[in-house]
Amino acid sequence: MSNSTIGSRLSKKKNSVQSHYDRPNTLSSGHRACQGCGEALAARCAIDAAYHATKGNIAIVNATGCLEVFSCVFPENAWNVPWMHSLFGNAPAVATGMAAAMRAQGKNVRIIAQGGDGGTTDIGMGTLSGMFERNDDVLYICYDNQAYMNTGVQRSSATPILARTATTLPNAVYAGNEVGTGKNVPEIAIAHRIPYVATASIANIKDLEEKVAKAINIRGAKYVHIHVPCPLGWGYPTSETIKVARAAVECGMFPLFEAEHGKVVGSTPIENVKPVEEYLRLQRRFAHLFSKNANPQAVEELQKIASANIEKYKLSGGIANV
Amino acid sequence: MLFQLEGSQAVARAVALCRPKTVCAYPITPQTHIVEGLGELVRSGKLTDCEYINVESEMAALSVAIGSETAGVRSYTATSSQGLLYMMEAVYNASGMELPIVMTLGNRAIGAPINIWNDHTDAMSVRDAGWIMLFAETNQEAVDLHIQAFKIAEKVKCPVMVCVDGFILTHAYERVDLPTQEEVDDFLPPYDPHISLDPKNPKAIGTMVPPGYFMEVRCLAHKKQIDALNVVECVGNKFKEKFGRDSGGLVREYNLEKAETVIVTMGSVAGTIKDTIDELNQKGGKYGVLSIVSYRPFPAEAIRKALKKAKKVIVLEKAFAVGIGGILFQEISLALKNTKTEVKSVVAGLGGRAITSDMIKEYLNHKNHDDMVFLGLNKEVIERECRLLDKGSCDCKSSF
Ligand SMILES: Cc1ncc(C[n+]2csc(CCOP(=O)(O)OP(=O)(O)O)c2C)c(N)n1
Ligand code: SF4
Ligand SMILES: [Mg+2]
């Protein structure tokens, strides 16, 4: 049975896990995330979808970061699934051990490792690459809020160029995070030729759920990279998380695609491509790009990235697939 | 059954007899042959139901063990020196989470300057990490302590590190008695995990613990270690009952009944010291040896008891803390506080420097031990370098 919101107008098959009256609620309410936290929303959707797709046979290891801290401070625990936290940089390796142990015991428990962009693209990169390269039977989910939020919004290698963070403060000399820096981990994952890589956004929950549900039942290493706006770190009203997420997708800054065994196999086209400026203007972390003395070239640099994404992943023109 | 084996192969086969379900380690001299040995045992089908995982770093190696142990299976890893430092965060994590992982530490110096040879600096760098730490004197003890280690770890719910001197033991061919699979199975029952990640009974493990609880957690970890003194002793006794070898326990006493001077030490060097004092005792000397088997938990009471009759105690150790001095020395001194026993510190064998019988004799015959804190030192080099120090005003008379 579906609920009485918009979900009820869709066929049962098309209902999202979230719209269902008995959604698993793997990350229950009452945790300590900020209001409007994109990461909390994405984690609930992703893990609910994985739970749904495996009849609850999942176990999670979480890297240190906001998600870990806000969901689990002794003696409270917001998780309704087996969950552990070890360290900041080792979640993929812990997951390898969990998967090996499940295999050794003949248990069909699907293993998920998850962390923020810092835990994934920076300190966990070595263990992540190792887990990919061995094709371990693990789904890794990166919740990308594009900075070290838990320690107070410092730059990570996933921070967009020109963004303001506590360690890339714009001033008369610097315009935020250095142009020409950064790391694209979905592409690095693809280069490992693992069975499945996908990007997802909390602006498109159904797509996110489908990707996670697909990934969790594939044998071998899987990577899902989710764009999760953070009202505190990005500087926008807590009610606008989905709006900001959608704007990132609609301008091409965050392309939605899937890849299998080293090849991009599909992408989600943008019906009506918007200029990057619309996305940037929603957030205080880019506000300096629109001040009186700002260099107009800066916005252009970001537009170049979005346009390159649109071309690379064939996002324009409303035509699906590559 | 008796075998002529390299120490590392003997350890590998002892670990295999304990039926770990995951083995994961990263190459580093002098530990490498142990995991190579286990890899071969898994690949050749001699160790079954075991996942052998090649990883990209020591951080990953111990993290895999953390994951697999949390998911409910007996897990093993091994490392040395730089590798131990590289996994340091996970070392504290494993004990904090009460995971009964067993790890072999093939003891090696720590750089810079890089040095692959034996001393105990690596082990000393994790002495406060909450692991149980056992030191082997011979390859036979290394074998026996690994079998005991799994039992102790699982009983105490605490990881155990078995320290085996790099090269001196890991690469030495010696006769060892390996128990049969049936005997080990009988001694070490299948692992019954105290925690596990079970979808039917979901639990959160490794959560953040705020100030309101943290002190208690730490205090209980300490209490648990102190209780483990009994477990280490008891498992050692059980092992002796079953296998006839007294290779566990807290301390190993040698000729303490008649000794006036006792050398306290850890690991393989005890063998050289015993040979030396045998010679001296034949000529009327009154020497004894006390080896610390269980370095953590620290058996202060057993040490006090063993050294009750000693007039002088010489702590000979293969590590020291720069800026203060001998580490074991400080701990033994603490254990003997309020007694009249004189305690001397001697640091020896750093970075693989040989410790010979002659050196030990020279030390014992030397009138002023405080003159010889570093055994076998090239004093010319030290004095020359000291002269070159700041304005040549170094007063290096006292400690060298
Ligand atoms: C080895 C280590 N270094 C640094 C930290 C401090 N630390 C904890 S969480 C965090 C940032 C997490 O950032 P990210 O992974 O992006 O997750 P977010 O909080 O943004 O969700 C840092 C730097 C740590 N816990 N461990
Ligand atoms: S700082 Fe950002 S990521 Fe962290 S809880 Fe708040 S909104 Fe979520
Ligand atoms: Mg982040």
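Everything discussed here concerns the structure shown above.
The notes below deal with the structure included here. (Residues numbered from 1 in each chain as written. Chains lettered and ligands numbered in written order. Predicted model: local features only at pLDDT ≥ 70, side-chain atom pairs only at ≥ 80, totals over all residues. Heavy atoms only, no water.)

1. As for the pattern of salt bridges
Side chains bearing opposite charge may pair, as long as their charged atoms lie close to each other. All names here are of chain B. Going through the model one piece at a time under the given rule, you end up with 37 salt bridges over all chains. Between Arg 252 and Glu 141 there is a salt bridge; the shortest N-O distance is 3.1 Å. Of this pair, Arg 252 sits in strand β10 (residues 251-254) while Glu 141 sits in helix α7 (residues 139-156), placing them 111 residues apart in sequence. For Arg 252, a relative accessible area of 12% translates into the label buried. We classify Glu 141 as buried; its relative accessible area is 8%. In this structure, Arg 245 engages Asp 144 in a salt bridge whose closest nitrogen and oxygen atoms are separated by 2.6 Å. Placement of Arg 245 in the loop between α9 (211-243) and β10 and of Asp 144 in helix α7 is noted, with a sequence separation of 101 residues between them. (Salt bridge = Lys/Arg side-chain N within 4 Å of Asp/Glu carboxyl O. Helix = DSSP H or I, 4+ residues; strand = E, 2+ residues; numbered from the N terminus. Buried < 20%, exposed > 50% of the residue type's maximum accessible area, 1.4 Å probe, protein only.)

2. Here we look at the state of the cysteines
Under the definition given, this model contains zero disulfides over all chains. Cys163(B) takes part in no disulfide bond, and the closest cysteine sulfur, belonging to Cys158(B), lies 13 Å away. (Disulfide = S-S within 2.5 Å.)

3. Some points on the coordination of the magnesium ion (ligand 3)
All names here are of chain A. Taken together, Asp 117 (OD), Asn 145 (OD1) and Ala 147 (O) make up the protein donors of the magnesium ion (ligand 3), found 2.0 to 2.1 Å from the metal. Counting gaps between the donor residues of the magnesium ion (ligand 3) yields the pattern D-x27-N-x1-A. Remark: Asn 145 occurs in the loop between β4 (138-144) and α6 (185-191) and Asp 117 occurs in helix α4 (residues 117-122); sequence separation between them is 28 residues. We note that Asp 117, like Asn 145, is buried. (Donors = N, O, S within 2.8 Å, 3.2 Å for Na, K, Ca; no water.)

4. Quick notes on the site of ligand 1
Lining the immediate environment of ligand 1, one finds 17 residues, of which Glu39(A), Cys66(A), Gly118(A), Gly119(A) and Met149(A) sit closest. Each of chains A and B places residues near ligand 1. At a separation of 2.8 Å, an oxygen atom of ligand 1 approaches a polar side-chain atom of Glu39(A). Within the backbone of Gly119(A), a nitrogen or oxygen atom sits 2.7 Å from an oxygen atom of ligand 1. When the free accessible area of ligand 1 is taken as 590 Å², the share hidden by the protein chains comes to 78%. It is α4(A) that provides the largest number of residues to the shell around ligand 1, a total of three residues. (Near = heavy atom within 4 Å. Polar contact = N/O pair within 3.5 Å; in protein donor to acceptor, adjacent residues only side chain to side chain. Areas by Shrake-Rupley, 256 points an atom, 1.4 Å probe, with all protein chains shown as cover.)

5. Section: the interface of chain B and chain A
Taken together, the contact pairs 35 residues of chain B with 36 residues of chain A. For the pair chain B and chain A, the two sides together bury roughly 2,700 Å², of which 66% comes from carbon and sulfur. Looking only at chain B, the three residues that lose the most surface to chain A are Leu197(B), Pro199(B) and Met208(B), adding up to 20% of its buried area. Linking chain B to chain A there are two salt bridges. With a closest N to O distance of 2.8 Å, Glu56(B) and Arg134(A) form a salt bridge. One can count eleven residue pairs in polar contact (both at pLDDT 80 or more) joining chain B with chain A. Among the secondary structure elements, those contributing two or more residues to the side of chain B that touches chain A are β3 (51-54), α3 (58-70), α5 (88-96) and β9 (204-205) of chain B. Among the elements that take part in the side of chain B that touches chain A, α3(B) stands out by supplying eight residues, more than any other. Across the side of chain B that touches chain A, the residue classes tally to 19 nonpolar, ten polar and six charged. Where strand β2 (residues 83-85) of chain A and β9(B) come together, two bridges link them in parallel fashion. (Contact = heavy atoms within 4.5 Å. Buried area = accessible area lost by both parts, 1.4 Å probe. Nonpolar A, V, L, I, M, F, W, Y, C, P; charged D, E, K, R; others polar. Pairing = 2+ DSSP bridges.)

6. A few points about unusual backbone geometry
With an omega of 5°, the peptide bond running from Phe74(A) to Pro75(A) counts as cis. You can see Pro75(A) is positioned in the loop between α2 (66-71) and β2. Residues Gly111(B) and Ala112(B) are joined by a peptide bond in cis, for which omega reads 10°. Among the structural elements, Ala112(B) can be located in the loop between β5 (102-107) and α6 (121-124). Unlike most non-glycine residues, Asn135(A) shows phi in positive territory, near 55°. Here Asn135(A) lies in the loop between α5 (125-133) and β4. A positive phi angle is found at Asn338(B), which is not glycine, with a value near 70°. Tracing the chain through its elements places Asn338(B) in the loop between α12 (327-335) and β17 (342-347).

7. Some points on the packing of α7(B) against α9(B)
Residues and elements named next belong to chain B. Their axes nearest at 10 Å, the elements α7 and α9 cross at an angle of 135°. In terms of orientation, α7 and α9 fall into the oblique class. In the crossing of α7 with α9, the sense of the turn from one axis to the other is right-handed. Contacts between α7 and α9 involve Asp 144, Ile 147, Gln 148, Lys 151, Ile 152, Lys 155 and Val 156 from the first element and Lys 224, Ala 228, Val 231, Val 232, Val 235, Gly 236 and Phe 239 from the second. Partitioned by chemical class, the residues of the contact of α7 with α9 number eight nonpolar, two polar and four charged. (Axes fitted to C-alpha atoms, helices over the stretch in contact; angles between N-to-C directions. Parallel < 35°, antiparallel > 145°, perpendicular 65-115°, else oblique. Left-handed = near helix turned anticlockwise from the far one by under 90°.)

8. A word on empty space enclosed by the protein
Residues and elements named next belong to chain B. This structure, assessed with the given rule, holds two cavities of 30 Å³ or more. Each pocket or cavity is described by its volume, and for the largest cavity that value is around 50 Å³. Lining the largest cavity are Phe 135, Ala 136, Glu 137, Glu 141, Arg 252, Met 266, Gly 267, Ser 291, Ile 292 and Val 293. Taken together, the residues of the lining of the largest cavity break down into five nonpolar, two polar and three charged. When residues of the lining of the largest cavity are assigned to domains, at least three map to each of domain 1 (2-243) and domain 2 (251-390). (1 Å grid on protein atoms, 1.4 Å probe; cavity = no way out; pocket = protein on both sides within 12 Å on 5 of 7 lines; lining within 4 Å. Points joined across faces, edges and corners; volume = space filled by probe spheres on them. Domains from an automatic or database assignment.)

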